[in-house]
Amino acid sequence: MTSPDYTPDAVRTLARLSRLLERGAGELSLPQFRVLAMVEDGGDRASWLADRLALAKPTITALVDGLVDRGYLTRTADDGDRRVTRIALTQRGRRALEAAEAAMAERLGEVLAQTADSAAVVWAINELGTGLDRMRAKRLAAERA
């Protein structure tokens with residue numbers, strides 16, 4: 001459903017900004033960055049990551065495989081449940097994530113410097129994050145009902 005208040009320009013701007021940030025992520029793709037960030041935030045199971053990132057589990061498995069191969073993540077068996085594999089960030093992965101975040105923040109800062117009210121833009125971006133979190137919570141509540 002679209003609203004007349006949400007112009008194609010806003011959607012296109014977000015897509016352009018996404019690409020600008022990805023080009024600044026260094027050795028990580030944006031999906032790889034998102035996985036590392038979610039693991040750092042406590043996501044230690046592929047199913048949780050798939051749900052949180054709205055990706056299919058096979059997609060997450062492929063991303064995690066590549067990040068494990070590069071030494072950014074580790075997989076370990078859960079002592080309490082052998083069916084569960086835990087995913088953890090390595091020091092190398094943490095450094096790659098921090099470097100990507102710093103480079104992406106620098107690129108975002110360059111764009112924000114070109115706006116009339118960068119604080120308002122940052123506030124709006126953070127509000128988008130809140131909106132995304134609320135949408136996810138509603139979806140999860142509906143699935144549980």
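Described in the following lines is the structure provided in the data block.

Looking only at helices and strands, the chain has six helices and two strands in total. When the helices and strands of the chain are listed from N to C terminus, the series reads α-α-α-α-β-β-α-α. Viewed in the frame of its principal axes, the chain has a C-alpha envelope of about 55 × 40 × 20 Å. Residues counted as buried form 26% of the 145 residues belonging to the chain. Counting every atom, the chain has about 9,900 Å² of accessible surface; 55% of that belongs to carbon and sulfur. Here the chain contributes 22 positive and 21 negative side-chain charges, whose respective centroids are spaced 5 Å apart.

Time to look at the side chain of Gln 32. With respect to the helices and strands, Gln 32 occurs in helix H2 (residues 30–40). Discounting chain neighbours no more than four positions away, the residues touching Gln 32 are Glu 27, Leu 63, Leu 67 and Arg 70.

It is worth spelling out the packing of H2 against helix H4 (residues 57–69) at this point. Close contact between H2 and H4 brings their axes to 10 Å; oriented N to C, the two are set at 85°. Considered as vectors, H2 and H4 are oriented roughly perpendicular to each other. Taking contact as the criterion, the partners of Pro 31, Gln 32, Val 35 and Leu 36 in H2 are, on H4, Ile 60, Leu 63, Val 64 and Leu 67. Of the residues in the contact of H2 with H4, the class split is seven nonpolar, one polar and no charged.

Moving on to the pattern of salt bridges. When the charged atoms of two side chains with opposite charge come close together, those side chains can pair. As enumerated under the stated definition, the model contains seven salt bridges in all. Asp 65 is the partner of Arg 75 in a salt bridge, and the nearest nitrogen-oxygen pair spans 2.5 Å. Taken together, the residues Arg 75 in strand E1 (residues 73–77) and Asp 65 in helix H4 connect sequence positions ten residues apart. Taking the relative accessible area as the measure of exposure, Asp 65 reaches 31% and is therefore partly exposed.

Leu 28, Val 35, Leu 36, Leu 49, Ile 60 and Leu 73 are the most contacted members of the largest nonpolar core, which has 26 residues in total. Listing elements by their share of this core, those giving two or more residues are H2, helix H3 (46–53), H4, strand E2 (85–89) and helix H5 (91–112). If one sorts the elements of this core by residue count, H2 sits on top with seven residues.

What H3 keeps buried is the set Ala 46, Leu 49, Ala 50 and Leu 53. Seen from one end, H3 has its buried residues packed into an arc of 100°, which puts them on one side. Looking one or two residues past H3, Ala 54 carries a phi angle of roughly 55°, positive in sign.

We now examine H2. Counting buried positions over the eleven residues of H2 gives eight, a clear majority of the element. For H2, the elements touching its buried residues are helix H1 (8–23), H3, H4, E1, E2 and H5. Downstream of H2 by one or two residues, Gly 42 has phi in the positive range, about 115°.

Criteria and cut-off values
Residue indices begin from 1 for each chain and proceed along its sequence in written order. The model is predicted, so local features are restricted to residues of pLDDT at least 70 and side-chain atom pairs to those at 80 or more, both for listing and for counting; the totals for chains, interfaces and linings are taken over all residues. Hydrogen atoms and water are omitted, and side-chain values are computed over all heavy atoms in the structure. Helix and strand labels come from DSSP, where a helix needs a run of H or I of at least four residues and a strand needs a run of E of at least two; each type is numbered from the N terminus. For the exposure calls, accessible area comes from a 1.4 Å probe over protein chains only, and a residue counts as buried if that area is under 20% of its type's maximum, exposed if over 50%, partly exposed in between. For the accessible areas, the method is Shrake-Rupley and the probe is 1.4 Å, while residue cover comes only from the protein chains on display. Residues scored as positive are Lys and Arg, those scored as negative are Asp and Glu, and His as well as the terminal groups of each chain are ignored. All charge positions are set by atom: Lys at NZ, Arg at CZ, Asp at CG, Glu at CD. Contacts are assigned to residue pairs that have any heavy atoms within 4.5 Å of one another. Comment: axis = line fitted to C-alpha atoms, over the contacting stretch for helices; angle = value between 0 and 180 degrees taken between N-to-C directions. The scheme is simple: roughly parallel for angles under 35 degrees, roughly antiparallel for over 145, roughly perpendicular for 65 to 115, oblique for anything else. As a working rule, the residues Ala, Val, Leu, Ile, Met, Phe, Trp, Tyr, Cys and Pro are called nonpolar, Asp, Glu, Lys and Arg charged, and the rest polar, with Gly in that last group. Note on definitions: salt bridges are taken to be side-chain nitrogens of Lys or Arg within 4 Å of carboxyl oxygens of Asp or Glu. Think of a nonpolar core as a cluster: buried Ala, Val, Leu, Ile, Met, Phe, Trp, Tyr and Cys residues, connected wherever their side-chain atoms sit within 4.5 Å. Note that the arc is computed from the directions linking the helix axis to the C-beta atoms.

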